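Okay, here's what each chain looks like letter by letter:
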Amino acid sequence: MPKDHGIGASSKRREDVRFLTGRGVYTDDMALHGQTYAVFVRSTVAHGRIKSIKTANAAGMPGVLAVFTGEDFKDVGGNPAGWLINSRDGTPMREPKRPVLAYSKVRHVGDAYAAVVAETYAQARDAAEQLAADSEIEELPAIIDMKAAVADPSNRVHDEIPDNLCFDWGWIEDNRAAVDAAMKAAPHVVTLELVNNRLVPNAMEPRASIGEYNPGTGDYKLTTTSQNPHLTRLLVAAFVLGIPENKLQVVAPDVGGGFGSKIYHYGEEALVLAAAKKLGRPVRWTAERSESFLTDAHGRDHVTKIELGCTKDGQILAIRTETLANVGAYLSNFSTATPTFLHGTLMAGPYKVPHVYVNVKTVFTNTAPVDAYRGAGRPEATYSLERVIDKMCRELNLDPFEVRRKNLLTPDQFPYTTPVGLVYDTGNYQATLDRVMAMADVAGFEKRAAESKKRGKLRGMGLSTWIEACGIAPSHLVGVLGSRVGLYDAATVRVNATGNISVMTGAHSHGQGHETVFAQIVAEKLGIPESSVEIVHGDTAKIPFGMGSYGSRSLAVCGTAMAKAVDKIIAKGKKIAAHMLEASEGDITFENGKFQVAGTDKAKTFGEIAFSAYVPHNYPLETLEPGLEETAFYDPANFTYPAGAYICEVEVDEGTGKVDVVAFHCADDFGNVMNPMIVEGQVHGGVGQGIGQALCEFTAYDETGQLLTGSYMDYPMPRAEDVPFYNVDYSCQTPCTHNPLGVKGCGEAGAIGSPPAVVNAVIDALHRGGHTHVTHIDMPVSPSRVWSAING
Amino acid sequence: MHNFDFAKPSTIADAARALAAEGAQALSGGQTLIPTMKQRLAAPSVLVSLTGIKEMQGVCLGEGGLHVGAATPHAVVAKEARAHYPALADLAGGIGDPSVRSRGTIGGSIANNDPAACYPSAVLASGATVVTNKRRIAADDYFQGLFTTALEAGEIVTSVIFPIPQKAAYVKFNQPASRFALTGVFVAKFASGVRVAVTGAGNDGVFRWAEAERALSADFSASALSGLSVDPAGMNSDLHGSAEYRANLVKVLTGRAVTAAG
Ligand SMILES: Cc1cc2nc3c(=O)[nH]c(=O)nc-3n(C[C@H](O)[C@H](O)[C@H](O)COP(=O)(O)OP(=O)(O)OC[C@H]3O[C@@H](n4cnc5c(N)ncnc54)[C@H](O)[C@@H]3O)c2cc1C
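These numbers come from a predicted model, not from an experiment.

Draft legend 1. Main features of the site of the ligand. Residue and element names in this part refer to chain B. Inspection of the region around the ligand gives 29 residues, with Ala26, Gln31, Thr32, Thr105 and Cys118 positioned closest. Here Ser28 contributes a backbone N or O atom positioned 2.8 Å from an oxygen atom of the ligand. A distance of 3.5 Å is found between an oxygen atom of the ligand and a backbone nitrogen or oxygen belonging to Ser109. With the chains in place, 89% of the 960 Å² that the ligand exposes on its own is no longer accessible. Among the elements of the structure, strand S2 (24–27) and helix H6 (106–112) are those that each provide at least two residues to the shell around the ligand. The dominant element in the shell around the ligand, judged by the number of residues it contributes, is H6, at four residues. Here the shell around the ligand is built from residues that sort into 13 nonpolar, 13 polar and three charged.

Draft legend 2. Representation of the interface of chain B and chain A within the structure. Counting from both sides, the interface comprises 22 residues of chain B and, opposite them, 24 residues of chain A. Of the roughly 1,800 Å² buried between chain B and chain A, counting both surfaces, carbon and sulfur atoms make up 54%. Of all residues in chain B, the largest losses of buried area upon contact with chain A belong to Arg40, Arg179 and Leu239 of chain B, amounting jointly to 34% of the total for that side. Between chain B and chain A we count five salt bridges in total. A salt bridge links Arg179 of chain B to Asp722 of chain A; the nearest nitrogen and oxygen atoms lie 3.1 Å apart.

Draft legend 3. Structural context of the pattern of salt bridges. Residues and elements named next belong to chain A. Summed over the entire model, instances satisfying the criterion amount to 63 salt bridges over all chains. The salt bridge partner of Arg455 is Glu651, with a shortest N-O separation of 2.6 Å. Placement of Arg455 in the loop between helix H12 (445–454) and strand S18 (458–467) and of Glu651 in strand S26 (residues 643–652) is noted, with a sequence separation of 196 residues between them. Counted as one network, the salt bridges with shared partners bring together Asp441, Arg448, Glu451, Arg455, Arg459, Glu649 and Glu651.

Draft legend 4. Broad picture of the sheet that holds strand S3 (residues 46–49) of chain B. Residue and element names in this part refer to chain B. A sheet is described by the order of its strands in space; here three strands give the open sequence S1-S3-S2, paired in parallel fashion. Edge positions in the open sheet fall to strand S1 (5–7) and S2, since each of these has one partner strand only. Strand after strand, the sheet turns through a mean of 25° between neighbouring axes, direction not considered. In this structure, S2 lies alongside S3, joined through four bridges in parallel fashion. Within the sheet, the bridge partner assigned to Ala26 lies in S3 and is Val48.

Draft legend 5. Examining the domain arrangement of chain A more closely. Residue and element names in this part refer to chain A. The assigned domain composition of chain A is domain 1 (31–140 + 204–257 + 262–295), domain 2 (302–473 + 638–791) and domain 3 (488–634). Tallying the contact residues gives 19 residues for domain 1 and 15 residues for domain 3. Across the domain 1/domain 3 interface, buried area totals approximately 1,300 Å², and carbon plus sulfur atoms make up 59% of it. At the junction of domain 1 with domain 3, the criterion picks out zero salt bridges. Where domain 1 touches domain 3, the interface holds 11 residue pairs in polar contact (both at pLDDT 80 or more). Elements that contribute at least two residues to the side of domain 1 that touches domain 3 include exactly helix H6 (229–241) and strand S11 (248–251). Per-element accounting of the side of domain 1 that touches domain 3 gives the leading share, five residues, to H6. Within the side of domain 1 that touches domain 3, the residues separate by chemical class into 10 nonpolar, seven polar and two charged.

Parameters and conventions
Per chain, residues are indexed from 1 in the order of the written sequence. Each chain takes a letter, starting from A, and each ligand takes a number, starting from 1, following the order in which they are written. Per-residue local features are limited, in this predicted model, to residues with pLDDT of at least 70; the limit for side-chain atom pairs, both in listing and counting, is 80 or more; totals at the level of whole chains, interfaces and linings are taken over all residues. Side-chain numbers here rest on the full set of heavy atoms in the structure, without hydrogens or water. A molecule or strand has a residue near it when one of that residue's heavy atoms lies within 4 Å. Any N or O atom pair separated by 3.5 Å or less is treated as a polar contact, with the protein-specific requirement of one donor-capable and one acceptor-capable atom, and with residues adjacent in sequence counted only for side-chain atom pairs. The accessible surface values rely on the Shrake-Rupley method and a 1.4 Å probe; as for residues, cover is taken only from the protein chains in view. By the criteria applied, helices consist of DSSP H or I runs no shorter than four residues and strands consist of E runs no shorter than two, each listed in order from the N terminus. Gly falls in the polar group here, along with every residue not listed as nonpolar (Ala, Val, Leu, Ile, Met, Phe, Trp, Tyr, Cys, Pro) or charged (Asp, Glu, Lys, Arg). Contacts between residues were defined by any pair of non-hydrogen atoms, one from each residue, lying within 4.5 Å. Summed over both partners, the accessible area lost on bringing two parts together, with a 1.4 Å probe, is the buried area. Salt-bridge detection follows one rule: a side-chain nitrogen of Lys or Arg within 4 Å of a carboxyl oxygen of Asp or Glu. At least two bridges found by DSSP between two strands is the condition for calling them paired. In this analysis, axes come from line fits to C-alpha atoms, helices being fitted only over the stretch in contact, and the angle between any two N-to-C directions falls in the range 0 to 180 degrees. Reported domain spans reflect what an automatic or database domain assignment gives.

Quick look at the structure:
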């Protein structure tokens, strides 16, 4: 019987009641007394020098309350990059200041260089149009292509950075010579050049922010679409506006998806706060969808050459990559970590590879900033690896399943130190491979292919065996690697007087279902109903200092903090129970919600203990504080390493080049599973995004830097008809060895493991159809690209 | 969106009068016009809604074939044309999504004449007649290039009369993002011959593929097309497909439409 309650139960998502009945409260839903509207004036050119902005006309228009330009913020601090990366030669990365509003130069289409605040949205928009007309911007040649950006020192995104290079990173630089030598000595070398396509995050809810200021107290409040309100507060307060943190409350209410794009602090948040202070009235802004396309931090955008040295029978000996990674016009907060420590450190995959070297050059261009997007760096690493291994199998005529099996780490090899700096604690990659092969009925493929052929379709099967590092992250390790923050998390468990519970967490739920899962865990540990547990998140005035949700960290890091806080509650409860039951503390057990003197029937319920803590009439006040509330901070000892094996089957229409994903099988190892239904949902969503990346999505700028895919008319999002019914399994479980819940994280897995499975399947189909000249097609593997590849 | 006045006349004559005003523009389903206004790319001072005019609504058999009122939403055509002209019903049922189909209209679609819209191919392949408040325009004279038609300023499309072919089919290949027609081919076989109209592909909007019409008039089978090819020089090229790709689609989809027509 599956559980219907607590850990491991598929409890229904309690948050869905409000989401599905229209009772969610998002930033844009909040109407405030005296509110005003901000509209931003955005650059229509990719690169330009601001000659003059005449504000007088706009300022005099009906309803206009204030006009801001870059000049107003030129002296406040810039929005910083969260990681300092050093180049191969030891020099620190170039870190240009990211202003609230562009000053002196605009650097991408959509770069905000002025803002208007007015009584109504329409008035603000009219005035913003006037302001745009009254601005003189001298257009400069745009720097779009990464190779050209690096090659031409005369044209610069930031005047002080001659080669448009942020850094040139080698991982691990000391191993470079050894890897080169191993590559040289390898009996066979496979080379693949590929593009990891740039993606627009497309959260369903656009970014939105409301700034408030109370002149009576000097308190600021920012309500904003954030995945991590405390991080946003830290950035706005300490780095950008210089407001003391105790005077700034940041609230991230219901947030409609983030996928990474809402981790970062954006200039609009600072502007609404500064404007609220100036006007003494609330100032609000909600992005239009076009603004989201132009200004949300984009994802991926790597150009990579990967080489793989191997024996003729497919034993991998060495891997070497060279990548150009686009960071866009400015460094977004995680942009320097994504192509480096979330990418290079994963380049050994789940394999035993003796020699790995990764080189990444990050390049400034006149495009929107690029940062972490679901998977962040790990999908790029996985895609490079799984594609080149597939190419190796074709070149050497080897079976892709057997080649994976031969190279995968075996369970007896853990803990395993990779040549790229990570220590995998546990795993069983053979088990997930076996599982997915059974699920996909690999043996029956030929029959299915014959049936497809009858319908005029080419069928192909693609495999990907992947690993990721999540549960971000051990502070001591990331500190060594350049992180400027710690990546612990925190939770406070407050037992209320009548025994129900409020849990304040640093994690932020913007679709994940934390309110359900976290309650399951606390309820299980305390032996109380889930409905007695309330999860509070998203408000810096309520929650302890935690770092928010991204990198599949919420359960592994914040969930662990919560479990530890509950343990403290139980420990204190035992003390109270010992007093009430006149026993010694060591004799008290806690099970099924009852504190009991071992071996007797003397017991107190959890509710009785809670009541006693708050009405301490019979209570050891001399030695114990009243109340029952505990906070725990948890800093993980290591990353967690979810892994799995995915098989995709596609049908290709040779006439049109259209690819249909007809089957998708996932065998994942997420360690212990807290809520199977939610895990499946996360995998469905991740694979959906991965199929989107593989088949549909791309971001195109023309050579002048205009975004050609700036709306849903041209940016292809995957739709329900583009994805199959997923076959998802998580029964292979090697619990994480270093957190008490034994959990690893599942939020990004689907987006990491799926793109290469899809592309491998397409190449397989084409080969089976006799199009053996096609060795690679860059994503998205769109109909026109497939047709061109076949006919090229 | 800028402010505008709104009129909802109940007769064609009143609508024509209202449209004579400075800055007035017809509004039908609003699926094209309203988004354009929201983006401030259009700013009519008066919107004259055509959806309150009874004679512009509905589908019925009449002289010359199937009469479709210009303000009839796609969803209604998809349902009511089914018994008479299934290929037309299929086309209407494949436009956009349910909300677009329940608002967007045939009149709006052919007045707008988006080069990737579906209806123009049906109108042209059927040799339909576009009826306006002033005259009747043959399909071959009506479509005049990208977003351009024979309509004069203020002229209202009131209905479209479709001769009903013996066999017909529309095959649409979706543009991956907008799901308009990257290329769509409408094949209609009449006693007098076959007409083939192509949307989405041509660099001058919807067009008839004359060679295919000749070949199919002689032999209505997909194999009749085997020796033909489409010149990419006349094809559109964009992010979603080159001219060569579209030229290929025209041929492939025409063959599939013939097969589907049976
Ligand atoms: C998300 C989405 C998806 C879509 N997908 C498709 C698709 O797959 N295929 C497809 O073909 N179309 C598609 N469309 C377009 C849609 O089908 C409408 O037909 C089209 O937008 C125009 O019809 P409308 O009634 O909405 O016209 P409106 O937007 O009201 O008007 C369009 C233009 O025509 C003028 N006009 C309207 N009616 C008349 C008339 N009777 N006489 C003279 N002028 C008139 C208006 O003044 C305006 O200039 C899509 C639209 C959307 C929003």
